[in-house]
Amino acid sequence: MDGDFQLQVRHCAQRLSQSPEAALAELFDLTAERLVRYAMSVTSSQADAEDALQGAFSRIARRPQLLVAAKLPWSYMLRAVRNEALRLLQRSSSQKRLQVPTSAVQSTPEQQVLQQEVSESVRRILKSLPAEQSEVVTLKHWEDLTFAEIAEVLGISQNTVASRYRYAMEKLQRALEGLVR
Amino acid sequence: MSGGLSGIPEPVTPEHDLLRGAAPRVRLSAGLRQQVLATAAVQYQLGRRQRLLTRAGVIATVVLCVAGAIWRLSQPAAPVPAAAKTPVVIPVVPRPVPSTPSATLPSTSSGGSDIMPAPQGKMPAVESIQTVPLLRPL
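Each residue is numbered by its place in its chain's sequence as written, counting from 1. Here the convention is simple: chains get letters from A, ligands get numbers from 1, in the order in which they are written. With pLDDT at 70 or above as the cut-off, local features in this predicted model cover only qualifying residues; side-chain atom pairs require 80 or more to be listed or tallied, and sums for whole chains, interfaces and linings still use all residues.

A.B. asks: Please explain the overall build of chain B as it appears in this structure.
C.D. replies: For helices the rule is a DSSP run of H or I covering at least 4 residues; for strands it is a run of E covering at least 2, with both sets numbered from the N terminus onward. Within chain B one finds two helices and two strands. In chain B, the order of α-helices and β-strands from amino to carboxyl end is α-α-β-β. Residues with at least 20 other C-beta atoms within 10 Å of their own are called buried, those with 12 or fewer are called exposed, and the rest are partly exposed. The C-beta atoms themselves are positioned from the backbone. A total of 138 residues make up chain B; the buried ones form 6% of that total. Here, residue contact means that the backbone-derived C-beta atoms of the two residues sit within 7 Å. Contacts in chain B between residues at least 24 apart in sequence constitute 70% of all its contacts with a sequence separation of at least 6.

Pasting the structure below:
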């Protein structure tokens, strides 16, 4: 659980009421990549994900007091991006393919290729799950959220989150058996 | 990683490692930062102006309401002018007008002692007009 990251988000959010423009810039630097990554899991398109990020930041800037008052600012931001992403999906049924640039890993070229292939396979398997289950797994493993925070982001109960996660992991364990060494 | 509802740390399995390793690294488009922050700055100013206008509107409304109430309460009760009086017609039940000594009525008595005397003076009016002051408007 990356508590430091969430603490930094909280500090930035609290600074919004004093120096909004500086705080927004800091918040962008801190969260943009993660928010776009999460939005991409909803939209399957980096362009749409970036639009969702822009929409979410505009809304936060327009009413910063909501983020300042939020109990879980990081969950609030994820929810804002999710809402924007869903709005974009409703507006345009975008069929763009997910094109994720992967970072250079400190390893041999063979290992890099292998790692890339494994990651692609895992992402494909994750995509094959029902959307609501893959979303929970994404938030849990990519964003390191607790069930309570995921429940806050998705606007559902913790029990629902837990059961979706359990079903998803059962399927994933079966599907990932071949990849686990 | 805190796990389920109980908060007990969840055991990390190889599947978990695979899932975490599959998290894509995002490279943001060039110029996105400037674009987002510029839009956010504009939206912040718009929001600020909207909040100020809303607050000013609420304050103005409250001030106007209070001022109106104070002005209304400070007004003395004005005397009602005579012109405001409206004539009201009150019907008067007509009294039976005695007719001439009724020679036509059959008399039960033998004498003429029960013959009513002839009316003296003028006949009463059938209806009279009386002025009633209107209620003072609130």
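Following the structure, the description resumes.
A.B. asks: Sorry, what's going on with the nonpolar core here?
C.D. replies: It is characteristic of soluble globular proteins that their nonpolar side chains tend to be buried jointly. All names here are of chain A. The term nonpolar core refers to a group of buried residues, namely Ala, Val, Leu, Ile, Met, Phe, Trp, Tyr and Cys, whose C-beta atoms join them within 7 Å. Core analysis: the largest hydrophobic core is formed by 55 residues, its most contacted members being Leu-35, Ala-39, Leu-53, Ala-56, Phe-57 and Val-81. Here this core gets 11 residues from one element, more than from any other, and that element is helix H2 (residues 20-43). In this structure, this core is formed jointly by two domains, domain 1 (1-92) and domain 2 (107-181), each of which donates at least three residues. Once residues within four sequence positions are removed from consideration, Ala-39 is found in contact with Ala-49, Ala-52, Leu-53, Val-81 and Ala-85. Segmentation into domains, and thus their bounds, comes from an automatic or database assignment.

A.B. asks: How should I be thinking about the interface of chain A and chain B in this particular structure?
C.D. replies: In many analyses, interface size is given as the accessible surface area lost on bringing the parts together. Contact residues are listed per partner, giving 40 residues for chain A and 31 residues for chain B. Those elements giving two or more residues to the side of chain A that touches chain B turn out to be H2, helix H3 (46-62), helix H6 (109-128), helix H7 (131-141) and helix H9 (158-175) of chain A. With 10 residues, the single largest contributor to the side of chain A that touches chain B is H2(A).

A.B. asks: Is there a simple way to explain the confidence of the model for chain B in this structure?
C.D. replies: Detailed conclusions should not be drawn from predicted coordinates in areas where pLDDT is low. By definition, pLDDT measures how confident the predictor is in each residue, and it falls between 0 and 100. Mean pLDDT over chain B: 74, with 53% of residues reaching 70 or higher. Reported for the predicted complex are a pTM of 0.65 and an ipTM of 0.73.

A.B. asks: I tried to follow the packing of H3(A) against helix H2 (residues 32-74) of chain B on my own but got confused; where do I start?
C.D. replies: Helix-helix packing is characterised by the crossing angle of the two axes and by the distance between the axes. Two numbers describe how H3(A) lies on H2(B): the axes approach to 7 Å, and their chain directions differ by 30 degrees. Comparing the axis directions of H3(A) and H2(B) gives the class roughly parallel. As for how H3(A) packs across H2(B), the hand of that crossing is right-handed. Between H3(A) and H2(B), the residues in contact are Glu50(A), Leu53(A), Gln54(A), Phe57(A), Ser58(A), Ala61(A) and Arg62(A) and Leu32(B), Gln35(B), Val36(B), Thr39(B), Ala40(B), Gln43(B), Tyr44(B), Leu46(B) and Gly47(B), respectively. Within the contact of H3(A) with H2(B), the residues separate by chemical class into eight nonpolar, six polar and two charged. The axes are straight lines fitted to the C-alpha atoms, using for helices just the contacting stretch, and the angles between their N-to-C directions are given from 0 to 180°. Orientation categories follow fixed angle ranges, with anything under 35 degrees roughly parallel, anything over 145 roughly antiparallel, 65 to 115 roughly perpendicular, and all other angles oblique. Crossings are assigned a handedness: left-handed for a near helix turned anticlockwise from the far helix by less than a right angle, right-handed for a clockwise turn. Polar here means any residue outside two lists: the nonpolar Ala, Val, Leu, Ile, Met, Phe, Trp, Tyr, Cys and Pro, and the charged Asp, Glu, Lys and Arg; Gly therefore counts as polar.

A.B. asks: What exactly am I supposed to notice about the packing of helix H8 (residues 147-154) of chain A against H9(A) here?
C.D. replies: All names here are of chain A. Where H8 contacts H9, the two axes come as close as 8 Å, and the packing angle between them is 105 degrees. In terms of axis orientation, H8 runs roughly perpendicular to H9. Of H9, the residues touching H8 (which contributes Phe-147, Ala-148, Ile-150, Ala-151 and Leu-154) are Gln-158, Val-161 and Ala-162. Split into classes, the residues belonging to the contact of H8 with H9 amount to seven nonpolar, one polar and no charged.

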